[in-house]
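Structural description and commentary
Residues per chain, in single letters:
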Amino acid sequence: MRKFFVIPLVIAVIAGCGEGRGRFGDTEPNSRIEDANEVSFGESFLAKIYPEGDRDWYKVEVSEPGYIRVQASDVTDELDLQVAFALYQEWEANTEQRLRSWNRLPDALPVHEEGTYYFVMRDEWDNSYSEEPFQVKVDFLEEFDPYEPNDAPEDAKLVEPGEELDFAIFPLGDRDWFKVDVPGQGYLSVSSRGVPSGVDLQVRFAVFDEWASPQVNHLRSWGDVPDACFIPGEGEYYVEFRDEWDNSYSQTPFMAKIDFIGEMDIYEPNNEFTDAKEVMAGDTINIAVFPRGDRDFFKINTTQSNTLSFQARDVPSAIDPQVAIYTVDPDDMNNLISQSGWEKFPAEFVVEPNSEYYFCIRDEWDNASSPELFTVRIE
C-alpha cells in the first residue's frame, strides 16, 4: 500500500513542476530588464509579486505599428498592480529607456517601429505582495487610428478646415494634435459626434514654433467640445484633443471637425481694454459674443448728460448679455477701476459728464456664445 501511494505522489510533483515553469511567465530571477522573460501575444501566463518590492520584467517582439496591451485577472486584494514600458539599452549606464510611466492595469503602449519592447509589473507602493499567482495576458492591437502618431505638436497632422476626422483617445493619457492653415482673422470652431461614453472630450488651441522658447504658445486654455478660438490672422494653427482628466479612453473612434469661421465682428480684437474700440453716445454697434468667454471692450467720452444707457435687440437666444462700466486707474494707467456691477440690458449708469469711460459686454456666466451679431444702442 505504501508503494502504491508514494510512486504517484512523486510523479504528480514532477509533472506539477514542469507545468508550472511552462505556465509561469514569472520565471525568477526577472527583477532586472536584462533578465526579462520573453512572452507571446495572445497567450496567458501566471505571475506573482513576491516578496515585497518585487519587480517582474517581460519582453515581446513587435513587427508592425499598433499597441501592446497588458491585462491581468485574479489579482488579490493585497496588490495594486501597475505596469510600465521601456526599451533595453544594453550599453548605457541606465539600461532602461522608459517609454511609458507606471499605470494601473489594463494599460497599453503605442508602438510605431518594429523591435523588442519590455514591460515591468509591480505593486503601486512596493509595500504589498502576494504568494498567490494571477493571470497576465499580453495582446497586440493593430493600429486603428489613421492619424497616429500625433501625440506631440511636431507630429501634428495637417487637415483641411471642415474635414471630418475619425480618431480615438487611446490609450490612457492620449493626446491628439492636428494643424490647419487659416486664411485670415476669424475663429477655429471644433465640434464632435459619437464620442464614447466615459470620454470627456476637451480641446485647446495653439501656435507652434520649433525655434521659439517656449515652442508652444497656447491661445486658449482647455475647454469642453464644442468650443472655438479667436484667430488673429492667417497662418498655421494647432488643435489638441484629450480626455478631460486623462483618466478615460476608448478604442472606439469618433468624429470631430475643425471649421474656420471668418470674422463677423468688425470691432475684434477687443478682449482687453487696451484694445477697446472708441464709440460715441448715440452710436449703434453690431457685435457678437463669440467664442465662449468673449469680452468686448469699448471706450466712450460722455457728453453733458450724467447718465449712460444701453439697449440691445436681436440678441441670440443662446446668450444673456450683460454690461459694466470702468474708468482708468489714475495711479496705474494699465488697470481699470470698476464703476458698476454687471447689469442686464437695458441698463443705465450714473456717470460724470465730459469724462472718459470704458464699458464691457459679456455673456452672464461666460459659458455661452453665438457667432450671430446683435445690436447695441448707446445713449
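Okay, so let's go over this structure. (Residues numbered from 1 in each chain as written. Predicted model: local features only at pLDDT ≥ 70, side-chain atom pairs only at ≥ 80, totals over all residues. Heavy atoms only, no water.)

Regarding the packing of aromatic side chains
Here is the rule: Each pair of aromatic rings taken from Phe, Tyr and Trp, with Trp reduced to its six-membered ring, is defined by centres within 6.5 Å and is described as stacked if the planes are under 30 degrees apart, edge-to-face if over 60, and tilted in the remaining cases. Helix and strand assignments come from DSSP, with helices taken as H or I runs of at least 4 residues and strands as E runs of at least 2, each series counted from the N terminus. Each residue gets one of three labels from its accessible area relative to the maximum for its type: buried under 20%, exposed over 50%, partly exposed in between, using a 1.4 Å probe on protein chains only. Each ring is checked for a lysine NZ or an arginine CZ that lies within 6 Å of its centre and within 35 degrees of its normal; such an atom marks a charge sitting over the ring.
With the rule as written, the count across this model stands at 25 aromatic pairs. Between Phe 310 and Phe 349, the aromatic rings sit 6.0 Å apart at their centres with planes inclined by 70°, giving edge-to-face as the arrangement. Separated by 39 residues along the polypeptide, Phe 310 in strand S22 (residues 307–313) and Phe 349 in strand S26 (residues 347–350) bring together distant segments of the chain. When its relative accessible area of 0% is taken as the criterion, Phe 310 is described as buried. Connected via pairs of aromatic rings, a cluster forms that spans Tyr 147, Phe 167, Phe 178, Phe 241 and Phe 254. Above the face of the Trp 102 ring, Arg 122 is positioned so that its terminal group lies 4.1 Å from the ring centre. A cation over a ring is seen here: Arg 362 above Trp 342, with NZ or CZ 4.1 Å from the ring centre.

Describing a negative patch on the surface
Rule in force here: Only residues whose relative accessible area exceeds 30% and that form no salt bridge are eligible for patches; like-charged ones are grouped when within 9 Å, while nonpolar side chains (Val, Leu, Ile, Met, Phe, Trp, Tyr) are grouped when within 5 Å. For the area figures, the Shrake-Rupley method with a 1.4 Å probe applies, and any residue is considered shielded solely by the protein chains shown. The salt bridge criterion pairs a side-chain nitrogen of Lys or Arg with a carboxyl oxygen of Asp or Glu, the two atoms within 4 Å. We treat Lys and Arg as the positive residues and Asp and Glu as the negative residues; His and chain ends play no part in the count. By convention, the point assigned to a charge is CZ for Arg, NZ for Lys, CD for Glu and CG for Asp.
Negative charge collects at one region of the surface, where Asp 151, Glu 154, Asp 155, Asp 209 and Glu 210 lie side by side. Secondary-structure assignment places Glu 154 in the loop between strand S9 (134–142) and strand S10 (157–158).

Here's the deal with the layout of surface pockets
Let me state the cut-off plainly: Cavity means a closed set of points on a 1 Å grid over the protein atoms alone, one where a 1.4 Å probe fits but cannot get out, pocket means an open set with protein on both sides within 12 Å along at least 5 of 7 lines, and lining means a residue has an atom within 4 Å of a point. Grid points are joined across faces, edges and corners, and a volume is the space filled by probe spheres set on the points. Following the grouping adopted for this structure description, the nonpolar residues are Ala, Val, Leu, Ile, Met, Phe, Trp, Tyr, Cys and Pro, the charged ones are Asp, Glu, Lys and Arg, and the polar ones are all others, Gly among them.
Roughly 310 Å³ of volume is contained in the largest pocket. Counting residues per element, the ones that place at least two in the lining of the largest pocket are strand S6 (96–104) and strand S7 (107–111). Split by residue class, the lining of the largest pocket holds eight nonpolar, three polar and four charged. Lining of the second largest pocket is provided by 15 residues; of these, Leu 219, Arg 220, Cys 229, Phe 230 and Asn 271 occupy positions nearest its centre. Those elements that place two or more of their residues in the lining of the second largest pocket are strand S15 (216–224) and strand S16 (227–231).

As for the sheet that holds strand S12 (residues 176–182)
Note the following rule: By the convention used here, strands pair only if DSSP detects at least 2 bridges between them.
Spatially, five strands are ordered S10-S12-S17-S14-S15 in an open sheet, and the strand pairing comes out mixed. Two strands lie at the open edges of the sheet, namely S10 and S15, each paired on one side alone. In terms of strand pairing, S12 meets strand S17 (residues 235–243) through seven bridges, oriented antiparallel. Bridging across to S17, Asp 176 finds its partner in Phe 241.

A short note on unusual backbone geometry
Pro 149 follows Glu 148 through a cis peptide bond whose omega is -5°. With an omega dihedral of 0°, the bond running from Phe 290 to Pro 291 counts as a cis peptide bond. Relative to the helices and strands, Pro 291 resides in the loop between strand S20 (284–287) and strand S21 (296–301). Here the phi dihedral of Asp 74 falls at roughly 60°; this positive angle occurs in a residue that is not glycine.

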